[in-house]
Amino acid sequence: MDFNNEFKGIDFDAMDYPPTDEPLRQMYFMYKLRKVFDEKEKSLGRKLTYCVVTFGCQMNAHDSEKLEGILEEIGLNAASEDTADIVIYNTCTVRENANQKLYGHLGQLKAAKKSNSEMLIALCGCMMQQDDVREYIREKFRFVDVVFGTFNVFMLAELLYRRYSGEKQVIEVKKEHGKNFENSLPEKRKYSFKSGVNIMYGCNNFCTYCIVPYVRGREISRTPEDILDEIKSLVADGVTEIMLLGQNVNSYGKKYMDESEIVKSSAEYDFPELLNDVCKIEGIRRVRFMTSHPKDLSDRLIEAIKNNPKVCRQMHLPVQAGSNRILKAMNRHYTREHYLEIIEKLRASVPDIGITTDIMVGFPGETEEDFLDTVDIVDRVGYDQVFTFIYSRRSGTPAAEMEQVPEDVVKDRFDRLLKKVSEKAAERVGRFKNTIAEVLVEDMDSHDETMVTGRMSNNTLVHFKGCKEMIGKYINVKLTEEKGFYYIGEPADNLEGLAE
Ligand code: 5AD
Ligand code: SF4
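Calculation criteria
Residues numbered from 1 in each chain as written. Chains lettered and ligands numbered in written order. Predicted model: local features only at pLDDT ≥ 70, side-chain atom pairs only at ≥ 80, totals over all residues. Heavy atoms only, no water. Near = heavy atom within 4 Å. Nonpolar A, V, L, I, M, F, W, Y, C, P; charged D, E, K, R; others polar. Polar contact = N/O pair within 3.5 Å; in protein donor to acceptor, adjacent residues only side chain to side chain. Helix = DSSP H or I, 4+ residues; strand = E, 2+ residues; numbered from the N terminus. Pairing = 2+ DSSP bridges. Axes fitted to C-alpha atoms, helices over the stretch in contact; angles between N-to-C directions. Contact = heavy atoms within 4.5 Å. Phe/Tyr/Trp six-rings, centres within 6.5 Å; stacked < 30°, edge-to-face > 60°. Buried < 20%, exposed > 50% of the residue type's maximum accessible area, 1.4 Å probe, protein only. Disulfide = S-S within 2.5 Å. Arc of directions from axis to C-beta.

Describing the site of ligand 2
Close to ligand 2 lie Cys 203, Asn 205, Phe 206, Cys 207, Tyr 209, Cys 210, Val 212, Pro 213, Gln 247, His 293 and Arg 332, which account for all nearby residues. Its residues placed into classes, the shell around ligand 2 shows seven nonpolar, three polar and one charged.

Brief notes about the site of ligand 1
Near ligand 1 you find Val 94, Arg 95, Tyr 209, Gln 320, Asp 358, Met 360, Phe 389, Ile 390, Tyr 391, Ser 392 and Arg 394, and these make up its full shell. A distance of 2.7 Å is found between an oxygen atom of ligand 1 and a side-chain nitrogen or oxygen belonging to Gln 320. Within the backbone of Ser 392, an N or O atom sits 2.8 Å from a nitrogen atom of ligand 1. When residues of the shell around ligand 1 are traced back to their parent elements, those giving at least two are β15 (354-361) and β16 (385-390).

Digging into the sheet that holds strand β1 (residues 49-54)
By definition, the strands of a sheet pair up through backbone hydrogen bonds, in either a parallel or an antiparallel sense. Ordered in space as β2-β1-β3-β4-β5-β6, the six strands form an open sheet in which the pairing is parallel. Of all the strands in the sheet, the pair left with one neighbour each is β2 (77-78) and β6 (170-172). Relative to strand β5 (residues 146-148), strand β4 (residues 120-125) runs parallel, the two sharing two bridges. The residue bridging Leu 123 from the neighbouring strand is Val 147, located in β5.

What to know about the sheet that holds strand β13 (residues 286-290)
Spatially, β7-β10-β13 is the arrangement adopted by the three strands of the open sheet, whose pairing is parallel. The open sheet is flanked by β7 (194-198) and β13, the only strands paired with a single partner. Put simply, the sheet's adjacent strands are angled 20° from each other on average, direction ignored. Across the sheet, helix α9 (residues 271-280) touches β10 (241-245) and β13, and the angle it forms with β13 is around 150°.

Notes on the packing of aromatic side chains
Summed over the entire model, instances satisfying the criterion amount to 19 aromatic pairs. Consider the rings of Phe 12 and Tyr 28, whose centres lie 5.9 Å apart with planes at 75°: the pair is edge-to-face. Here Phe 12, found in the loop between α1 (3-8) and α2 (24-44), pairs with Tyr 28, found in helix α2; they are 16 residues apart in sequence, far enough to count as distant. As far as the burial class goes, Phe 12 and Tyr 28 line up, both buried. Aromatic rings pair up to connect Phe 12, Tyr 28, Phe 29, Tyr 31 and Tyr 161 into one cluster.

Looking at the state of the cysteines
Evaluation of the coordinates by the stated rule reveals zero disulfides. Summary of cysteine pairing: Cys 51 is not part of a disulfide, and the nearest cysteine sulfur, belonging to Cys 124, is at 12 Å. With relative accessibility at 12%, the residue Cys 51 sits in the buried group.

A few points about the pairing of strand β3 (residues 86-91)
Along any regular strand, the residues point their side chains to alternate faces of the sheet. Summarising burial for β3: six of the six residues are buried, a large majority. Inspection of the sheet shows β1 paired to β3 by five bridges, in the parallel sense. Its bridge partner lying in β3, Cys 51 is registered against Val 87. With six bridges joining them, β3 and β4 adopt parallel strand pairing. Bridging across to β4, Ile 88 finds its partner in Ala 122.

Regarding helix α10 (residues 299-307)
Along an α-helix, a turn takes 3.6 residues, which lines up residues three or four apart on a common side. Restricting attention to buried positions, one finds in α10 the residues Leu 301, Ile 302, Ala 304 and Ile 305. On an axial view of α10, the arc spanned by its buried residues comes to 160°, and they lie on one face. For α10, the elements touching its buried residues are α9, β13, β14 (314-316) and α12 (336-349).

Read these as geometric descriptors, not functional statements.
This is the structure:
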């Protein structure tokens, strides 16, 4: 949708009150804010700027694109964290030390705020969904201007306007899902040719260590129509690669959010079907998704990947631990045997698939034997990449009440796990050497201006000689040299007309 036209086509000055309908209401506040900023910019003699600092997962990164889209629509320019007039921290709360880090950052910003009277600080994201965090900020950080939650992202303009209208500390945190206006508010995409798309929100799994279900709420899916419409408009905007996002995409479609109502799905429409429908959209070249929960990964999904070359050869399948006893205590609902069976099926059906995972060390009650089971899983699977985490005690979760493993034991296991992970990764690199792979070019190489970088379908990075005209294009590349986690290659296509 062309937001600019909609925005300009409406006479907001003629309105005595803000409209109650969304997203019109937010457009009204964007318009009002633009006027506030125009005045400020005139008296300051310079443009006002913003910076959104993002922590955590892909969902947060995607929310930040929405925040940036709104701020740019209002007419602000991007700037660095230490010079921006409006600084927004989009927080993550999966691990406890993130909270401490944020408080540290805020301490520094207090001084910055003293030297720039225009500076406004806003906090959002998962941490802000927690009552005790908000209470702490209210008490200790009075200079924070705006606090909002994960369900309030779309109302940024309204919240800023309230602050500029004199409210001291604006706090707005919804606890339940409502419509998010994904397709009708501006977004600033990092890349013009690829985009994340939320297909569902929240999580019902309650893994015993995890705080996400408490802060992101129960699982709810967007309707297929809503998602497909958004993707069609992204394609019209030049996007060819889509990343479908959700905490557990494999359970897509159990309950739908339709307008602001929540309706139970009646049709048998599930994630593999959505995946196929997304691939059918003309102009889509690649579809990725994340995250998958092993307990819900069906044979139908494996079939969908196998039969559809547009689905990327990439699977992020968090295992968390390799011991059945620990998996049970984590409430993961699968065994190591079941997990290994899925891996076997995936590799049998899609031989070139890249498999990545999340692993946690030091879950309460983890014995040396349990830990060795985790090392054994890493050995057996041979992951392309492993994201390793030290268990972090999150109050309010069941695992916080269980017997904790001493810190020095955890640290030692973590180091041993890292060693195993890099040994195994070294065995796998180079398996595509001298083959030709299709690469979507994403950027110029940051170290060498004659090179470009891009990704293969299985998400492996490739660098090769190129020029900026190649960005956003799919190019066949011969992978001539392996460099650990990436390849150096040579274009295998005739690139006349592209290269300078
Ligand atoms: N401590 C450490 N890691 C955690 N994760 C989730 N909760 C915790 C926690 N309390 C990890 C899991 C998950 C990833 C996104 O973060 O491995 O898959
Ligand atoms: Fe957390 Fe488990 Fe839900 Fe993932 S599936 S968000 S680890 S509760």
